[in-house]
Amino acid sequence: MADSKREIERKYEATAGTRLPDLSRVAGVSAVVHRGVTELDAVYHDTEDHRLAADSLTLRRRTGGSDAGWHLKFPVASGIRDELREPLSDTLPRSLAGLVRSRVRGAALVPVVRLRSARDVRHLVDDRGELLAEVAVDEVRAARLTGGGSTATWTEIEVELADDGDPALLDAVERRLRKAGIRPSASASKLARALAETDPGAAPDSGKKLRKAKKAKPGKVEQGKEKPRKEKAARAEKAREEPAPPTAGDHVLAYVRRQTEAIITLDPAVRRDLPDSVHQLRVATRRLRSALRTYRRILDRDVTDPVGRELKWLAAELGIDRDQEVLDARLRGRLDELPRTLLLGPVRGRLRIRSTARRTGSRRRTMAVLDGKRYLALLESLDALLADPPLLPAASRAPRRALPRALLKEYRRLAKRVGHALDLPPGHDRDIALHEARKAAKRTRYAAEAARPALGKPAKRFAKRMKAVQSLLGDHQDSVVAREALRTLAVQAHGAGESAFTWGLLYGREEAAAAARERELPGVWERASRPELRAALGG
């Protein structure tokens, strides 16, 4: 696995004559230490149609400096990127090739831009000599390696926060730079600027326009995420700026496109084994399949059904890893709830051995799926569907006419399954029926979430109620799966001469938890199925 580093930096415009102000006057900075000039030589790789650059990813092979090697950068937020590094080699390391596969597919990665920089580095340090941030003045020479070999030169300033540094320092440095007349860069990265300024089809003065372009002042950012209040404001502003698609077909295609992009974006997160990444990828897959099935009067099912079957396959494969993760967390939590006097035998050790063995196997299988031809063919099929959407006549209708009909059809299917489950006596058959109702609740919830931009608050409230039903039924199903695992653990412990008491105790608790969920279901369902909610949707 490649080494990973969180990079938090800001870029500023400069010229050969730009002089840095005295940054030792920035609060918290005790000294500015000049580290000299380093020559850097980086060759950036991408597909011929620049698929990585289109998603703000950069892949380079760089020599010079203390971190020579292969670098792959993923955007996290404005001014924040995750950089993955591999040692210098003549060919692209397999680990990095895998991380861009969902975007590259079968296309070749070729050198597209070469950047040679003379980097003049200064370290901002505190009173103990600890590094706070690095300030670099880069004299950049860019050469396009495809399409005519155009060149460009510019000067820029980079301010990069030290590991575990306080982002507020970047604000303080920026205020000092602005007072000196230095303004933020109009380009997010050197590669983006190089591609823009060496584009053979660009106007002769495009580089000057880029350098003069103004950029909003960056706000304070926490490491890895914006502050929730700012995120909410940004989403609200975006919603005001982007009206709902004019037709039902446009609306459904926009949702399909968002989920497809989510799958492609989450692929490298799963490969990096980031927290919750498998779950999120599986959710995007299920949402997409749900949309194709729910809105089959808008998108021709002769085209979408084969894609849906492949999405079902992918979700099932991802479920092996995800379900094991959920089960492990549940069983560990149940053990944590017990007093130590009830933990008889090596229960934690046995659970750990079981979890490690199964997790290793499921992880290996997930990676095989993502590297397989079938998965890449699915991504190509999604691209083809979006490039030439199989729209039916109903797609031309207004969203408020076409979408509620499909949504309420899903609701009626759910209502039938819930009623059937409640009519059955407790036991195996009811467990199966409740699991089928859970799947219907999830599909109904996803359908409501997909319709929310067009139907507004009624769809939001409806989705919230469906989520409550789904969550309750999901907890019930998790209990069913946990009981099966607990019985297996008890049998294994007994066979090894260990006490099976603790596993039996947990089995009983899970049985009681499932019974409690079954008692709660009628009330939760009654609240979720209120007629006024359906009436607000037009049903």
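Residues numbered from 1 in each chain as written. Predicted model: local features only at pLDDT ≥ 70, side-chain atom pairs only at ≥ 80, totals over all residues. Heavy atoms only, no water.

Our next topic: the overall build of the chain. The helix and strand tally for the chain stands at 17 helices and eight strands. Its C-alpha atoms give the chain principal-axis dimensions of roughly 85 × 65 × 45 Å. By the burial criterion, 46% of the 539 residues in the chain qualify as buried. For the chain, restricting intrachain contacts to residue pairs at least 6 apart in sequence, the fraction spanning at least 24 positions comes to 73%. Total accessible area on the chain is roughly 27,100 Å²; 50% of this is exposed by carbon and sulfur atoms. (Helix = DSSP H or I, 4+ residues; strand = E, 2+ residues; numbered from the N terminus. Buried < 20%, exposed > 50% of the residue type's maximum accessible area, 1.4 Å probe, protein only. Contact = heavy atoms within 4.5 Å. Areas by Shrake-Rupley, 256 points an atom, 1.4 Å probe, with all protein chains shown as cover.)

All told, the structure shown has 57 salt bridges when counted by the stated rule. Put simply, E39 and R141 hold a salt bridge, and the shortest N to O gap is 3.7 Å. Of this pair, E39 sits in strand β2 (residues 31-46) while R141 is found in strand β7 (residues 131-144), placing the two residues 102 residues apart along the sequence. (Salt bridge = Lys/Arg side-chain N within 4 Å of Asp/Glu carboxyl O.)

Turning our attention to the pairing of strand β6 (residues 110-125). Pairing of β2 with β6, which is carried by 15 bridges, proceeds in the antiparallel orientation. Bridged to A31 within β6 is V125. Two strands pair when backbone bridges link them, and β6 and β7 are joined in this way by 13 bridges, in the antiparallel orientation. Note on β7: the bridge partner recorded for A118 is E139. In textbook terms, the turn of a hairpin is the stretch between consecutive antiparallel strands, and for β6 and β7 this stretch comprises five residues, one of which, G129, has a positive phi near 85°. (Pairing = 2+ DSSP bridges.)

Right, let's talk about unusual backbone geometry for a bit. Of note, the phi angle at S56 is positive, near 65°, even though the residue is not glycine. Relative to the helices and strands, S56 resides in the loop between α1 (51-54) and β3 (58-63). S56 sits in the partly exposed class, given a relative accessible area of 44%. At D276, a position not held by glycine, the phi torsion is positive, near 70°.

A word on the sheet that holds β6. Strand order in the closed barrel formed by eight strands is β1-β5-β4-β3-β2-β6-β7-β8, with antiparallel pairing between adjacent strands. Neighbour-to-neighbour, the strand axes of the sheet open up by a mean angle of 35°, direction not taken into account. Its contacts with the sheet place helix α4 (residues 168-179) against β1 (3-14), β6, β7 and β8 (151-161), and it is angled at close to 15° to β1. (Axes fitted to C-alpha atoms, helices over the stretch in contact; angles between N-to-C directions.)

Here we take up the side chain of R282. One can find R282 in helix α9 (residues 277-294). On the basis of relative accessible area, R282 is assigned to the buried category, the value being 11%. Reaching out from R282, the side chain makes a polar contact with the backbone oxygen of A315 at a distance of 3.3 Å. Setting aside its immediate chain neighbours within four residues, R282 contacts A315, L318, G319, R322 and D323. (Polar contact = N/O pair within 3.5 Å; in protein donor to acceptor, adjacent residues only side chain to side chain.)

Maximal helix bending in helix α10 (residues 301-337) amounts to about 35°, located at G319. Where α10 begins, one side-chain oxygen reaches toward the backbone nitrogen of D302, 3.0 Å away; that side chain belongs to D300. (Bend = angle between axes of the 7 residues up to and from the residue.)

The topology assignment puts E410 in helix α13 (residues 399-423). What makes E410 buried here is its relative accessible area of 3%. Here the side chain of E410 touches R443 through a polar contact of 2.9 Å, side chain to side chain. Those residues in contact with E410, other than ones at most four positions away along the chain, are T294, R443, T444 and A447.

The next thing to look at is the packing of α10 against helix α11 (residues 347-370). The description of two helices packed together rests on the angle between their axes and the distance between the axes. Closest axis-to-axis distance for the α10/α11 pair is 10 Å, and the angle between their directions is 165°. Accordingly, the angle class assigned to the pair α10 and α11 is roughly antiparallel. Between α10 and α11 the crossing geometry is left-handed. Grouping the constituent residues of the contact of α10 with α11 by class yields ten nonpolar, four polar and eleven charged. (Parallel < 35°, antiparallel > 145°, perpendicular 65-115°, else oblique. Left-handed = near helix turned anticlockwise from the far one by under 90°. Nonpolar A, V, L, I, M, F, W, Y, C, P; charged D, E, K, R; others polar.)

As a further point, take the packing of α9 against α10. Look at α9 against α10: their axes get within 9 Å of each other, and the N-to-C directions meet at 155°. Relative to α10, the element α9 lies roughly antiparallel. The two elements α9 and α10 meet at a crossing, and its hand is left-handed. Side by side, α9 and α10 meet where V278, H279, L281, R282, T285, R286, L288, R289 and L292 of the first sit next to T304, V307, G308, L311, K312, L314, A315, L318, G319, D321, R322 and D323 of the second. Counted by class, the contact of α9 with α10 contains nine nonpolar, five polar and seven charged residues.

Now for the nonpolar core. If you look at the biggest cluster of nonpolar residues, it comprises 66 residues, and the most contacted ones within it are V256, I263, Y295, I298, Y375 and L403. Once residues lying within four places of it in the same chain are set aside, the contact partners of I298 are A248, G249, V252, P390, L391, L392, A395, A402 and L403. Core analysis: the next-biggest nonpolar cluster, separate from the first, contains 20 residues, V26, I80, V137 and A172 among them. (Core = buried A, V, L, I, M, F, W, Y, C linked by side-chain atoms within 4.5 Å.)

Here eleven bridges tie β7 to β8, and the two strands are oriented antiparallel to one another. By the bridge assignment, D138 is partnered in β8 with E156.

Right, let's get into the environment of G474. Relative to the assigned elements, G474 resides in helix α15 (residues 457-495). Of the residues examined, G474 reaches a relative accessible area of 7% and is grouped as buried.

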